[in-house]
Amino acid sequence: MQLAEWFSARNFRRTKSRVQLRGVVTAGPSSFRPAPCQDEPMTFADELVTHLSRVPAAPFLFVGSGFSRRYVNADDWGDLLRRFADLTGKPYERYYSKASGNYPQIASLIAADFHDVWWDDAAYEDSRAAHPSPNGHSSPLKVEIASYFAQAPSRLPTGGPLHAELELLKRATIEGIITTNFDPLLETLFDEYSVYSGQDELLFHDPQGVGEIYKIHGSCDDPESIVITAEDYSRLDERNVYLAAKLLTTFVEHPVIFIGYSLTDLDVQRVLTNIAHVLTTENLSKLQDRLIFVQWDPNAGDPVLISSPFAADGMAIPMLRVTVRDFEELFAALGSLKRRFPVKFLRQLKEQVYELVQTSSPTGTLYVSDLDADVDASQVDVVIGVGVKSRLTQQGIVGIERRELQTDLLQPFLPYEDKDSMTAIVTGALPRHLRNRANTPIYRYLRGADFLDDDGKIRADVTVPKVVRDRVEAATSPLRSPGSYVKRALENAEEAGDFKTLIETKSTDEVLFAAAHMDLDKIDPDDLKKFLLETREEVEKGHALQAAQWGKCLCLYDYLVYSRP
């Protein structure tokens, strides 16, 4: 059902559900869909679509227990703990009092008492047979929690308003889902999405950021992955900064819509606080208008988006908030967003591109080819060849940009051990950049291709493009400062004596101009590399001459490390 059809079916009047963006930046590129005329008020769905369209990437959903409670009447955290407290023969209130209302601690207390019940009671005989070697004292509780939530899909509505909402959700244009829920509802609704359960799968696998569900607190499919007790949360906290870093790209590049949580939810607070710790105060502004918190109230009036920053350890995370009485309008709006390619195809494409970058011998069938001369490139979305493999690595590497070569020198990612790949760079990529007189590292790739002798010269038995050979013969002379800067550069180099002292006593600009004028044996390559990494961001924001000198220092590092074996 398209958005317009849904409006007709619901008989929405244009005067209803007016949206007010209070204190929110709403400017966007001119190519975005124009707003309706002044005399035609926007509905909430219209405004949400316009707002989400300002970000090139499709949104992520961040889904909490309220979602499962709405659609299958699943327990929330408190009710779940009460359910299992009853199985120990002790009142829930006793645990609540002993743990001072702390849910993870309540779960730990229940787990300790339930451990013996599970082992002794015949009611759990089948569970013990299915899980004969639980890992710890909380494992029996997790096994039964998993069993409870595994039945959730069987309770999905088959008709009525809730069913209609879910049908709209299944058509939503979203990039992926993050959830703290244990049940399999989301993977049931989005059955083509790949699922990552628990932190280990998310941290140590290669998620592509599209067509995926991240179950960051575990899944009923793997009871041991479930995060429920105080000990589980303690382990989670030890690694939360890594999880936050892993999810940071999602939060910065995509709109993130929170569903099924309250703003006081501890899980939401933990995630947002850790995201805030990863970002600097300045970079928090990059989340502007990206986070949308949806709350449900059956008695709510017309939906209104308002700016409502979330306070996290003294930092204000920008966020939009809206309260809805049902989710049909929200899910219909998400379904009206345009996607150029199916999500399953996008994920497969990203997997192949990732493998191309990470390995020298890709196993897939992605191939990027030049367009024919009579093809209008502006009319082409993507070019893929099927079944071509042998020329994959070299074809992609020839077109590599100078900035990528600079990055590879400091933080290697290209296949240095693969001589064919290094040869492709020397014969294809380097000439293109050197003809433009760009400060391009060359020695790493010449050495990797085995084109250099022990003195850092081109071997007599190999052939390289003339522009590459000329650059090698010039050695470090092109790296010196421009004429008017030479005198001061020489003075700073002589005064410092060695590179370490130079960076400790001089400004960034003075170091950049003086480095190439020092005796090479006075420069520790590790110190130079550290300096280059620390100043890259500063230089990128500076003037062109500063960037040029930084590039020369990078080439100096390349010479020091790779000109000799």
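Residues numbered from 1 in each chain as written. Predicted model: local features only at pLDDT ≥ 70, side-chain atom pairs only at ≥ 80, totals over all residues. Heavy atoms only, no water.

## What to know about the side chain of Asn 492
Then comes step 1: Relative to the helices and strands, Asn 492 is located in helix H21 (residues 483-496).
Then comes step 2: Taking the relative accessible area as the measure of exposure, Asn 492 reaches 2% and is therefore buried.
Then comes step 3: Discounting residues that sit within four places of it in the chain, Asn 492 has contacts with Leu 502, Lys 506, Glu 510 and Ala 514. (Helix = DSSP H or I, 4+ residues; strand = E, 2+ residues; numbered from the N terminus. Buried < 20%, exposed > 50% of the residue type's maximum accessible area, 1.4 Å probe, protein only. Contact = heavy atoms within 4.5 Å.)

## What about helix H2 (residues 44-52)?
Then comes step 1: With respect to burial, H2 is a largely interior element, nine of its nine residues being buried.
Then comes step 2: When H2 is considered as a whole, its buried residues turn out to be Phe 44, Ala 45, Asp 46, Glu 47, Leu 48, Val 49, Thr 50, His 51 and Leu 52.

## Notes on the layout of surface pockets
Then comes step 1: Approximately 750 Å³ is the volume found for the second largest pocket.
Then comes step 2: Taken together, 35 residues line the second largest pocket, and the ones lying closest to its centre are Ser 65, Gly 66, Asp 76, Gly 260 and Asp 265.
Then comes step 3: Sorting the residues of the lining of the second largest pocket by element identifies helix H3 (65-72), helix H4 (77-86), helix H13 (266-278) and strand S6 (291-296) as the ones contributing at least two each.
Then comes step 4: It is H3 that contributes the most residues to the lining of the second largest pocket, seven residues altogether.
Then comes step 5: Residue composition of the lining of the second largest pocket, grouped by class: 16 nonpolar, twelve polar and seven charged. (1 Å grid on protein atoms, 1.4 Å probe; cavity = no way out; pocket = protein on both sides within 12 Å on 5 of 7 lines; lining within 4 Å. Points joined across faces, edges and corners; volume = space filled by probe spheres on them. Nonpolar A, V, L, I, M, F, W, Y, C, P; charged D, E, K, R; others polar.)

## Let's talk about the sheet that holds S6
Then comes step 1: Spatial strand order, S3-S4-S2-S1-S5-S6-S10-S7: eight strands in an open sheet with mixed pairing. Strands at the two margins of the open sheet, each flanked by one partner only, are strand S3 (194-197) and strand S7 (306-307).
Then comes step 2: Inspection of the sheet shows strand S2 (residues 176-179) paired to strand S4 (residues 212-215) by four bridges, in the parallel sense. Opposite Ile 177, over in S4, you have Ile 213 as the bridge partner. (Pairing = 2+ DSSP bridges.)

## Quick notes on unusual backbone geometry
Then comes step 1: Non-glycine residue Asn 73 carries a positive phi angle of around 55°.
Then comes step 2: Given a relative accessible area of 58%, Asn 73 falls into the exposed group.
Then comes step 3: Notably, Ala 475 is not glycine yet its phi reads approximately 55°, a positive angle.
Then comes step 4: By the secondary structure assignment, Ala 475 is in the loop between helix H20 (466-474) and H21.

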